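For reference, the chains in residue letters:
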Amino acid sequence: YGWFQWLLLGSCGAVYAVCALSTTTLSFVLPAAECDFMLSSSDKGRLTATPLIGMCVGSYFWGNLADARGRKKAIVGALLLDACAAFLSSVVQSFPAFLACRFFSGFGIIGATGLIFPYFGDFLSLRHRDVMLCRLEVFWTIGTILLPGIAWLIIQDPRFNLTAMDADFQYKSWRVFVAACGLPSLLVVLLLMPFPESPRYLLHSNKPEQALVVLQRIFRVNTKLEEKDFPVESMMCASEEGEEEEVVSADTNGNETKAPLTWSARWHAFWLRKKLLVTPPYIGLLVLCCFVDFGLMFSYYTLMMWFPDLFERFSQFSSLYPGVSAGVCEVSANVSRSEIDGRPDCPQVIDDKVYIHTLIVALSCLPTALWVGLTINMVGKKLMLVMMLISSGLAALGLNLVRSSLENLLLSCVFEAIVSCTEAVLFCVICEIFPTKVAATAMAVTVMSGRVGAIVGNVVFGALVDQHCIVPIYMFGSLLISSGMLCIILPKSTRPERPQ
């Protein structure tokens, strides 16, 4: 443990920040592209749900690819697909084509989001794993902080409206913003390329010689000694079934090395991993983690994507009814009614307060992200998960009580600060309670369940926000609180104690 892990934290953190940037891009596209695509609230719900459908399809695909072919390869492929989809979505002119491109953007970015934790965790000992993994959450917060800044610099600047108003091909500032949010996915691939494949994955893939080379490299970076000074000469390589171990030499002559697995052997190993995942106690733990992430993302992702639009509704309400105080649901109902009645001018410029309020909400997550990384070992992952889920559920229920834009902003900050770090703690739990050979798949299935929750949340919120927004808000709170209650039964770890 040393400089290598800290350098890897910087690169993996940059990847995770890009994941946040790509995942939340549409939160500013909702109000900015409203006029170009003539979006209703239901259309906005469909728009935010479409990349989530891509995430559901992609998470299982990337999880299996990572277990079969390697963590790093899957992460790089996922980032490249996200960048291509972002660039393409910035130029397509029809709403259905834009939806299709955002589907593939979600399909790609979920691979990097779900796999960066198992990849980084494989380079860490149990002593440092929880703290370092939670430090990744700081980078997610940085990504959400950068988003409103990039949006304000590009969307509000008329110089980025690159086409005339009546031209057939439109490339307005919000399209430039979408393309700009895809560029970092390419840049972080360059940051990740110098780092090796996970040594733990290599060991479980019957490649002990390659795993030893990786560990020698880590030793050299951390100690400044030569690789020949590394005291380990051979490694213990578990069999496919994990029931016995054998010594595999890693000498320079290549003695006792194993032949590469055939396709039939890979297929057999694939089904062995799946069989392990659906047998007790892992199947029960997987169902529990899936339910928790479903409730978490049903609430968190929906509100995160709709916060800029809700702030814009408060701004419009203030201009329509100066000096009148109202809650979230009243504001949404009155603004939507005025849109139905037909206001003469479609709003082309988002109020600056929307960017400022979104930035404040993102900044509120930074102290919590730092606090989680410092205290997770003292408090404990399970207790922290229970506390965060229940308190964020209470904050979500409080949205029904706000009476002004300021109160809405303050409660949004409280909710976002707590709930933004909760999934990171859940990921730490998953890395601990599932064996290495199925950890990536378990993570992928859990993430997929979370994205299903986010899809349902966005569709429900988009359909009900105008007239019955009190219903989804109560759903947010009750799901978070019930998830927190269920986390009480999580075990500390199911992994056997390793001999000293």
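You'll find the chain entered in an unreviewed UniProt entry as Synaptic vesicle glycoprotein 2B, with Papilio machaon given as the organism. We quote the UniProt Subcellular location (unreviewed entry) comment for the chain here in full: "Membrane". Under the Sequence similarities (unreviewed entry) heading, UniProt states for the chain: "Belongs to the major facilitator superfamily."

**Some points on the overall build of the chain**
Helix and strand counts for the chain come out as 20 helices and 2 strands. Burial analysis of the chain (500 residues in total) assigns 58% to the buried set. In the chain, the proportion of contacts linking residues at least 24 apart, taken out of those at least 6 apart, comes to 80%. For the chain, the exposed surface amounts to about 20900 Å²; the carbon and sulfur share of it is 67%.

**As for a nonpolar patch on the surface**
Nonpolar side chains collect at one region of the surface, where Leu80, Phe87, Leu183, Leu186, Leu187 and Leu190 lie side by side and expose about 520 Å² of accessible area between them. Of all the secondary structure elements, the ones that give two or more residues to the nonpolar patch are helix H5 (71–89) and helix H8 (173–192). With 4 residues, the single largest contributor to the nonpolar patch is H8. Here Leu183 falls in the partly exposed class, since its relative accessible area comes to 43%.

**Topic: helix H16 (residues 381–397)**
Under the 1.5 Å per step criterion, the end-to-end length of H16 is 24 Å for 17 residues, consistent within 8% with the ideal 24 Å. Among the residues making up H16, those that are buried are Lys381, Met384, Leu385, Val386, Met388, Leu389, Ser392, Gly393, Ala395 and Ala396. Summarising the contacts, the buried residues of H16 are in contact with helix H7 (126–155), helix H12 (282–320), helix H15 (365–379), helix H17 (405–419), helix H18 (422–433) and helix H20 (470–486).

**Considerations on the packing of helix H4 (residues 41–69) against H5**
Look at H4 against H5: their axes get within 7 Å of each other, and the N-to-C directions meet at 145°. Counted together, Trp62, Leu65, Ala66, Asp67 and Arg69 of H4 and Arg71, Lys73, Ala74, Gly77, Ala78 and Leu81 of H5 form the full contact between these two elements. Grouping the constituent residues of the contact of H4 with H5 by class yields 6 nonpolar, 1 polar and 4 charged.

**Describing the confidence of the model for the chain**
With 87% of its residues at a pLDDT of 70 or more, the chain has an overall mean of 80. For the chain, strand E2 (residues 245–249) is the element with the lowest average pLDDT, namely 38, and H5 is the one with the highest, namely 92. Low confidence marks residues 240–260, where pLDDT is under 50. Its contacts with residues over four positions away, or in another chain, come to 40 contacts. Note that pLDDT drops below 50 for residues 494–500; the model gives that stretch 12 contacts with residues more than four away or on any other chain.

**Notes on the side chain of Ser90**
With respect to the helices and strands, Ser90 occurs in the loop between H5 and helix H6 (95–121). Among the polar contacts made by the side chain of Ser90, one reaches the main-chain carbonyl oxygen of Phe87 at a distance of 2.7 Å. Of note is the side chain of Ser90, whose polar atom sits 3.2 Å from the side chain of Tyr171.

**Digging into unusual backbone geometry**
The phi torsion at Asn206 lies on the positive side, around 60°, for a residue other than glycine. Take Asn206: it is sitting in the loop between helix H9 (199–204) and helix H10 (208–223). At Lys224, a position not held by glycine, the phi torsion is positive, near 65°. Note on placement: Lys224 falls in the loop between H10 and strand E1 (234–238). For Lys224, a relative accessible area of 61% translates into the label exposed.

Calculation criteria
- Residues numbered from 1 in each chain as written.
- Predicted model: local features only at pLDDT ≥ 70, side-chain atom pairs only at ≥ 80, totals over all residues.
- Heavy atoms only, no water.
- UniProt positions renumbered as here; feature names shortened; annotations may be inferred.
- Helix = DSSP H or I, 4+ residues; strand = E, 2+ residues; numbered from the N terminus.
- Buried < 20%, exposed > 50% of the residue type's maximum accessible area, 1.4 Å probe, protein only.
- Contact = heavy atoms within 4.5 Å.
- Areas by Shrake-Rupley, 256 points an atom, 1.4 Å probe, with all protein chains shown as cover.
- Patch = residues over 30% accessible without salt bridge, like charges linked within 9 Å, V, L, I, M, F, W, Y side chains within 5 Å.
- Salt bridge = Lys/Arg side-chain N within 4 Å of Asp/Glu carboxyl O.
- Expected span 1.5 Å × (residues − 1).
- Axes fitted to C-alpha atoms, helices over the stretch in contact; angles between N-to-C directions.
- Nonpolar A, V, L, I, M, F, W, Y, C, P; charged D, E, K, R; others polar.
- pLDDT = per-residue confidence, 0-100.
- Polar contact = N/O pair within 3.5 Å; in protein donor to acceptor, adjacent residues only side chain to side chain.

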